[in-house]
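Structural characterization, general
This is what each chain is made of:
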Amino acid sequence: MEHLDRTPDTDVLVSGAGIAGPALAYWLRRHGFTPTVVERAPGPRPGGQAVDLRGAGRTVIERMGLMERARALCVEQHGMALVDRRGRTTARIPVDLFGGEGIVSEIEILRGDLADLLREATDGVEYLWDDTVTALDQDADGVSVTFENAPARRFALVVGADGLHSAVRRLAFPADGAPGHGLAAGPAAGPAGRPEAAHYRPLGGYHAWFTVHDPALARALDGWFLMYNAPGGLVAGARPGRLPGEVKASLGLRSAPLAYDRRDTAAQRRLLAERFAGAGWEVDRLLAGMRTAEDFAFDSFGQIHLDRYSRHRVALLGDAGYSPSPLTGLGTSLALVGAYLLAGELAAAAGDFRTAFARYEELMRPYVARAQELPPGGLNGYAPEGALMIRLRAASMRWMGRWPLRPVLAAQFAKAGDIALPDYPLPALT
């Protein structure tokens with residue numbers, strides 16, 4: 001690629017406008033950098049499931065001055081309860097059992113609401129919607145970036161905050177032996193030799209989430225996040241939304257690897273309808289709502305593991321670099337903490353990205369390693385196969401507030417705060 005004019009050292013491209021991307025853009029701008037955010041979606045994605053603000057992630061939101069607004073957007077929930085095929089409660093975990101840091105945290109906010117809050121805090125940052133990075137060409141002075149739609153541009157640094165299936169990771173962190181290990185990185189490999197496979201660890205299942213508009217079901221939840229297990233490793237969940245009559249639904253299943261097109265949501269809905277047909281409880285109502293849900297999403301349970309979080313002038317953040325999987329409940333904390341540390345270290349190193357990236361990884365890697373440890377039972381605990389294991393899961397949940405399970409679970413939930421965040425000096429706001 002023909003190199004464009006040299007870019008200022010403060011220009012940073014951030015790929016992804018979910019949670020991690022806007023959080024990084026906020027902190028970069030506060031430290032005097034000029035971030036640009038590119039996002040494949042045509043605009044902000046509304047809705048989504050509830051995410052937790054806990055531990056160090058909550059501290060980052062407080063340092064951004066956004067906690068009061070975040071609390072105003074919270075989804076009110078009493079806790080989580082397991083139900084049987086007939087809807088009878090078999091176990092409950094109230095939200096205050098682990099001091100507001102349990103399975104359902106004290107501060108639960110819809111993913112779309114948190115993304116909107118973070119994006120609004122980045123007033124003045126340029127967003128390129130309906131676009132994505134297709135090629136990266138790094139050299140000693142910067143990165144020439146080719147976009148799918150926008151003209152090519154030049155940046156000092158590029159950060160991939162674009163999720164589990166990161167385009168930036170595919171381009172700059174290819175599989176061993178694939179092109180791109182030098183400074184230049186071309187188009188991503190095809191499905192047969194997908195670089196993602198080298199860094200992705202499947203956990204043996206899939207999940208979908210979507211919004212159902214069903215006032216009667218919303219009332220029946222009575223403020224609780226209800227979860228139902230059916231034989232065959234099937235899991236259905238329904239929790240209150242923020243708006244009246246709104247139910248945030250989820251469907252999970254254990255499965256060997258599936259061959260599917262990530263863009264073919266119709267086929268994904270058919271798959272779920274077939275697997276969950278006649279499962280019991282309120283699953284039929286959830287399936288009916290799924291057919292018309294505008295925010296339907298489907299993905300696998302998996303984690304991203306990398307030997308390093310940066311390559312020359314490109315770094316990864318959040319799920320793109322170290323997804324812990326939804327089973328841990330710590331993805332949001334990792335995204336917020338990673339954004340805070342990456343921007344802070346770039347500022348502390350006065351733009352020396354090599355020093356900053358090394359320090360970012362030094363601080364993040366122990367936190368990531370602990371966050372990626374699955375809770376007791378892992379996927380087996382979330383989606384037990386048979387009726388006996390389902391009963392044992394309910395029994396174990398009833399014992400979560402007692403010895404010997406309580407200290408084990410308390411240690412799992414405490415991981416969200418298991419990092420000391422540095423205080424980075426900030427220029428005065430103008």
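Anything mentioned here points back to the structure above.
Below is a summary of the structure that appears in this document. (Residues numbered from 1 in each chain as written. Predicted model: local features only at pLDDT ≥ 70, side-chain atom pairs only at ≥ 80, totals over all residues. Heavy atoms only, no water.)

Axes are the key here: two packed helices are described by the angle between their axes and the distance separating the axes. Axis separation between helix α11 (residues 331–348) and helix α12 (residues 353–371) bottoms out at 8 Å; the angle between their running directions is 160°. Between α11 and α12, the crossing angle belongs to the class labelled roughly antiparallel. By crossing handedness, the relation of α11 to α12 is classed as right-handed. Within the contact between the two elements, α11 uses Ser333, Leu334, Val337, Gly338, Leu341, Leu342, Glu345 and Leu346 and α12 uses Phe353, Ala356, Phe357, Arg359, Tyr360, Leu363, Met364, Tyr367, Val368 and Ala371. (Axes fitted to C-alpha atoms, helices over the stretch in contact; angles between N-to-C directions. Helix = DSSP H or I, 4+ residues; strand = E, 2+ residues; numbered from the N terminus. Parallel < 35°, antiparallel > 145°, perpendicular 65-115°, else oblique. Left-handed = near helix turned anticlockwise from the far one by under 90°. Contact = heavy atoms within 4.5 Å.)

Once that is clear, we can look at the packing of aromatic side chains. With the rule as written, the count across this model stands at 13 aromatic pairs. Between Phe210 and Phe296, the aromatic rings sit 6.1 Å apart at their centres with planes inclined by 35°, giving tilted as the arrangement. In this pair, Phe210 is assigned in strand β13 (residues 200–213) and Phe296 in the loop between α9 (283–290) and β17 (297–304), connecting sequence segments 86 residues apart. The structure contains a cluster of three or more aromatic residues connected by ring pairs, namely Tyr26, Trp27, Tyr340 and Tyr424. A cation over a ring is seen here: Arg92 above Trp224, with NZ or CZ 4.5 Å from the ring centre. (Phe/Tyr/Trp six-rings, centres within 6.5 Å; stacked < 30°, edge-to-face > 60°. Lys NZ or Arg CZ within 6 Å of the ring centre and 35° of its normal.)

Another aspect to go through is the pattern of salt bridges. Per the stated rule, a full pass over the model turns up 21 salt bridges. Between Glu108 and Arg239 there is a salt bridge, with its nearest N and O atoms 2.9 Å apart. With Glu108 in strand β6 (residues 108–110) and Arg239 in strand β15 (residues 234–240), the pair connects residues that are 131 residues apart, well separated along the chain. By the burial criterion, Glu108 is buried, and Arg239 matches it. (Salt bridge = Lys/Arg side-chain N within 4 Å of Asp/Glu carboxyl O. Buried < 20%, exposed > 50% of the residue type's maximum accessible area, 1.4 Å probe, protein only.)

The 6 strands are arranged β7-β2-β1-β11-β19-β18 in an open sheet whose pairing can be described as mixed. In this open sheet, the two edge strands, each paired with only one partner strand, are β7 (126–128) and β18 (310–311). Pairing of β18 with strand β19 (residues 314–316), which is carried by 2 bridges, proceeds in the antiparallel orientation. By the bridge assignment for β19, Arg311 is matched with Val314. (Pairing = 2+ DSSP bridges.)

This part is about the nonpolar core. Grouped together as the largest cluster of nonpolar side chains are 64 residues, with contacts concentrated most on Ile61, Leu341 and Met364. At the level of secondary structure, the elements contributing two or more residues to this core comprise β1 (11–15), α1 (20–30), α2 (55–63), α3 (67–72), α4 (111–120), β11 (157–160), α11 and α12. For this core, the element with the most residues is α11, which contributes 10 residues. If near-sequence neighbours (up to four positions away) are discounted, Ile61 is found in contact with Leu53, Leu66, Met67, Ala70, Leu114, Leu118 and Leu336. In terms of nonpolar packing, the next biggest core, distinct from the first, is built from 30 residues, Tyr206, Trp224, Tyr228 and Leu234 among them. (Core = buried A, V, L, I, M, F, W, Y, C linked by side-chain atoms within 4.5 Å.)

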